[in-house]
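Structure at a glance
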Amino acid sequence: MKTALLHPVYFGSIAQYVAIVKSSSIIFENEDNYQKQTYRNRMYIYGANGKLLLSIPIKHSQKNGRQLYRDIRIENDFEWQQQHWKSIESAYRTSPFFEYYEDEFRHLFDTKREFLLDFNYECMQVVLDCLQYDFDHTKSKEYVKTPTEIMDLRCLVNSKKEKSHELQPYIQVFDNKNGFISNLSVLDLLFNEGTNAITYLEQQSIF
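To start, this report covers the structure provided alongside it. Quantities reported herein were computed from a predicted structural model and do not represent experimental measurements. Here the residue numbers are simple positions, counted from 1 along each chain's written sequence. With pLDDT at 70 or above as the cut-off, local features in this predicted model cover only qualifying residues; side-chain atom pairs require 80 or more to be listed or tallied, and sums for whole chains, interfaces and linings still use all residues. Excluding hydrogens and water, the side-chain figures rest on all heavy atoms present in the structure.

Right, let's talk about the overall build of the protein chain for a bit. Working definition: helices are DSSP H or I runs of at least four residues, strands are E runs of at least two. Numbering for both runs from the N terminus. Looking only at helices and strands, the protein chain features seven helices and six strands. Here the globule rule reads 2.2 Å times residues to the power 0.38, and the radius of gyration is calculated from C-alpha atoms. The C-alpha radius of gyration of the protein chain comes to 17 Å, within 12% of the 17 Å expected for a compact globule of 207 residues. Buried residues are those whose accessible area, probed at 1.4 Å on protein chains only, stays under 20% of the maximum for their type, while exposed residues exceed 50% and partly exposed ones sit between those limits. Burial analysis of the protein chain (207 residues in total) assigns 52% to the buried set. Within the protein chain, counting contacts between residues at least 6 apart in sequence, those at least 24 apart form 70% of the total. Note on areas: Shrake-Rupley with a 1.4 Å probe; residue coverage comes only from the protein chains shown. As displayed, the protein chain has an accessible area near 10,700 Å², and 45% of this comes from carbon and sulfur atoms. For this count, His and the chain ends are skipped, Lys and Arg are scored as positive, and Asp and Glu as negative. All charge positions are set by atom: Lys at NZ, Arg at CZ, Asp at CG, Glu at CD. Charge centroids of the protein chain, computed over 24 positive and 28 negative side chains, lie 9 Å from each other. Residue contacts follow a heavy-atom distance rule, with two residues in contact if any of their heavy atoms lie within 4.5 Å.

A separate point is the pattern of salt bridges. The term salt bridge refers to a pairing of a side-chain nitrogen on Lys or Arg with a carboxyl oxygen on Asp or Glu at a separation within 4 Å. Using the criterion set out here, one finds nine salt bridges in the structure. A salt bridge links glutamate 31 to arginine 70; its shortest N-O distance comes to 2.5 Å. With glutamate 31 in the loop between strand 2 (26–28) and strand 3 (42–47) and arginine 70 in the loop between strand 4 (50–55) and helix 2 (80–92), this residue pair connects regions lying 39 residues apart in the sequence. We note a salt bridge from glutamate 89 to arginine 93, for which the minimum N-O separation is 2.7 Å. Each of Glu29, Asp152 and Arg154 takes part in salt bridges that share partners, so that together they form one network.

What follows is about the nonpolar core. Counting 66 residues, the largest nonpolar core has Tyr10, Phe11, Tyr17, Ile88, Phe105 and Leu201 as its most contacted members. Here this core gets eleven residues from one element, more than from any other, and that element is helix 4 (residues 116–131). For tyrosine 17, the residues in contact, after removing those within four places along its chain, are Phe11, Gly12, Met124, Val127, Leu128, Leu131, Val186 and Leu201. Put simply, a nonpolar core is a bunch of buried Ala, Val, Leu, Ile, Met, Phe, Trp, Tyr and Cys residues held in one set by side-chain atoms that sit within 4.5 Å of each other.

Next up on the list: the environment of alanine 48. In this structure, alanine 48 sits in the loop between strand 3 and strand 4. A relative accessible area of 35% means that alanine 48 is categorised as partly exposed. Sequence separation of alanine 48 and serine 87 is 39 residues, and the distance between their C-alpha atoms is 10.0 Å. Discounting residues that sit within four places of it in the chain, alanine 48 has contacts with Phe174, Lys177 and Asn178.

Here, the term disulfide refers to a pair of cysteine sulfur atoms separated by no more than 2.5 Å. The final tally for this structure, using the stated rule, is zero disulfides. For the unlinked cysteine cysteine 123, the closest cysteine sulfur is that of cysteine 130, found at 11 Å.

Put into structure tokens, the structure is as follows:
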């Protein structure tokens, strides 16, 4: 598949990583305006009671409300990092590969970060390291509303009006209670499937 245009996100959904592994190269959108209720600052994991939202609090602009994504600062007055890590531990402590990857992710929640975009790049890089996946990627230099010659997959950042993807089921920690929940954070796939995660991603289709 040709080059794809994607948003940097908070770890990212499984569909986001399907796009990454099935594209010849990736351009990450660095020049757009920030929008609320997207995977830029949120992810969904599988908790004991089903789908669980984890959202990073941000500092809102006092001006006209519009801010570039790269200028968005994280609101660190809240103990969101501690809360997110406790939720991840609670959800995946009994999964087959949590202990295998735990140390790779723990440090992301120990130190306060200033900019959301920088933190998201850091989170995605840890996931890619765990997947042992290296790929050709660049960052956009200007915002283009309707790009040509590349596959515009920026829609994958939307979490509210998200397109349904028919992803193959895999075993999840609480699926005996609530069934299979599709397209959660890539963390769900990684902690449950481990070294098989990259093979799983290569076998899926979101187009």
